[in-house]
Amino acid sequence: MHRAITRCLVLSIVCTAASLATAVPAAAQPAAKNVVVITLDGLRWQEFFAGADRDYFKRDKNGSGGPAEQRFWRDTPAERRSALMPFVWTTIATQGQIVGDPAANSRAHLTNGLWFSYPGYSELLAGVADPRIDSNNKVPNPNVTVLEWLNARPGFAGRVAAFGSWDVLPFILNAERSKLPVGTSYTPSPNAQTPRERAINELATDLPRYWEYGPFDAPIVYAALEHLATKRPRVLYILLGETDEWAHEGRYDLYLDAALRADRFIERVWTTLQSMPDYAGQTALVITTDHGRGATTKDWMDHGRDVPAAERTWMAFLGPGVAPMGIRTGMTATTSQVAATIAALVGEDFRQGVPQAAPAVPLAR
Ligand SMILES: [Zn+2]
């Protein structure tokens, strides 16, 4: 995503809401008490729904795709996606819902027309594409995100937090105005107080400084889990960035590895929630992405205005308020609907505060 800054601004190769006639309010089912949102930056629907693609592995002179091909290649798309993201395709696909599978005649897509990170996250969290958000610059978001809005609702005040390596996240959430705690960059644990929080911040700095904007995803996830254990948030957002970064570097092997580790992180968060009395059976999970990527071996590394295939996304939902319908068929949803969906899952109507936001994705049966 930070690459998009260079691409958008220096090289200028930058990296429509669905009608829901039969919309059923998510509140028709018992709402969750808490919600956790996890995004995987720039993970394509192609890998999400069909796993690794053999054409993308780098091959040696004998034609071998090496360890990555051994780890992720299987004979069928169903086996390949389960090898890539086992928690998503065992637990969420059976107990929750997955939206956007073209093989099921479904479509999930952006409405911002720019197909890179800040416009994607703003659409996702504010519920509407805003043409003023047209770069990855560190500009405070004029829009109110669902995180900021929930943080002002009774029962949620001071119980909303966000974590993400990318140091633009505090601007996307307008942390100065929203006062949301944001663990980011080389301070994954904001206001570190516990020995573990201090150790996580040390670890972030002790790892190789591979990206200037922030560390690998792991310390960010550890910081979010520590926040969950000690601060008991009702709304927790975790932005995972590595999928996008390794893709920009053309490292298909590490792109796949980042997706697998993201699945491990999601499973760990879910397992942790189910071990906590205040969260078990009372917490919904939302998983999605900020944009897709190019659809060929030539442009899969990229996304943005010149890569229209990057419009396509995917979404997954699990927990109270989400009927166990598995892979949704014949359904269209937009990324702008995610904000109202997050609120609806905890029994709140985001469109009361932000009327221009797209309606929630109908998740009740
Ligand atoms: Zn990117």
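Residues numbered from 1 in each chain as written. Predicted model: local features only at pLDDT ≥ 70, side-chain atom pairs only at ≥ 80, totals over all residues.

Draft legend 1. Spatial organisation of the overall build of the chain. Looking only at helices and strands, the chain features 15 helices and 11 strands. A compact globule built from 365 residues should have a C-alpha radius of gyration of about 21 Å, and the chain, at 19 Å, falls within 12% of that. Looking at the chain as a whole, 56% of its 365 residues qualify as buried. (Helix = DSSP H or I, 4+ residues; strand = E, 2+ residues; numbered from the N terminus. Rg over C-alpha atoms; globule rule 2.2 N^0.38 Å. Buried ≥ 20, exposed ≤ 12 C-beta atoms within 10 Å, placed from the backbone.)

Draft legend 2. Highlighting the packing of helix α10 (residues 195–206) against helix α11 (residues 217–231). Running from N to C, α10 and α11 cross one another at 170°; their axes reach a closest spacing of 9 Å. Taken together, the axes of α10 and α11 lie roughly antiparallel to each other. Contacts between α10 and α11 pair R196, E197, I200, L203 and A204 from the former with P219, Y222, A223 and E226 from the latter. Residues belonging to the contact of α10 with α11 are distributed by class as follows: 6 nonpolar, no polar and 3 charged. (Axes fitted to C-alpha atoms, helices over the stretch in contact; angles between N-to-C directions. Parallel < 35°, antiparallel > 145°, perpendicular 65-115°, else oblique. Contact = placed C-beta atoms within 7 Å. Nonpolar A, V, L, I, M, F, W, Y, C, P; charged D, E, K, R; others polar.)

Draft legend 3. The arrangement of α11 in detail. The end-to-end C-alpha distance of α11 is 21 Å, a good match for the 21 Å that 15 residues give at a rise of 1.5 Å each. For α11, the buried fraction is high: 11 of the 15 residues fall into the buried class. Among the residues of α11, those classed as buried are D217, P219, I220, V221, Y222, A223, A224, L225, E226, H227 and L228. Along its buried surface, α11 packs onto β4 (160–164), β5 (182–184), α10, β6 (235–240), α12 (242–248) and α13 (252–274). Looking one or two places after α11, you find R232, whose phi comes out positive at around 50°. (Expected span 1.5 Å × (residues − 1).)

Draft legend 4. Representation of the environment of L207. Inspection of the secondary structure puts L207 in the loop between α10 and α11. Residue contacts for L207: discarding those within four places in its chain leaves P215 and F216.

Draft legend 5. Just the environment of Q95, in detail. Tracing the backbone shows Q95 in helix α5 (residues 86–95). Residues Q95 and G319, 224 residues apart in the sequence, show an inter-C-alpha distance of 7.9 Å. Leave out the neighbours within four places in its chain, and Q95 touches L318 and P324.

Draft legend 6. Inspection of the confidence of the model for the chain at higher detail. When pLDDT is averaged across the chain, the result is 93; 92% of the residues are at 70 or more. Counting contacts from residues 4–24, a segment whose pLDDT is below 50, to residues more than four positions away or on other chains yields 43 contacts. (pLDDT = per-residue confidence, 0-100.)

Draft legend 7. Quick peek at the sheet that holds strand β8 (residues 312–313). Strand order in the open sheet formed by 3 strands is β8-β3-β11, with mixed pairing between adjacent strands. Two strands close off the open sheet at either side, each with one partner strand: β8 and β11 (332–334). The pairing of strand β3 (residues 107–109) with β8 spans 2 bridges and is antiparallel. Its bridge partner lying in β8, H109 is registered against R312. (Pairing = 2+ DSSP bridges.)

Draft legend 8. How the structure looks around the sheet that holds strand β7 (residues 283–288). The strand order β5-β4-β6-β1-β7-β9-β2-β10 describes an open sheet built from 8 strands, whose pairing is mixed. Across the chains shown, the open sheet's two edge strands, defined by having one partner strand only, are β5 and β10 (326–327). In the sheet, strand β1 (residues 34–40) pairs with β6 via 6 bridges, with the strands oriented parallel. Bridge assignment links T39 to a residue of β6, and that residue is L239. Strand contacts of α13: β1, β6 and β7, with the helix running at about 175° to β1, the strand carrying the most contacts.

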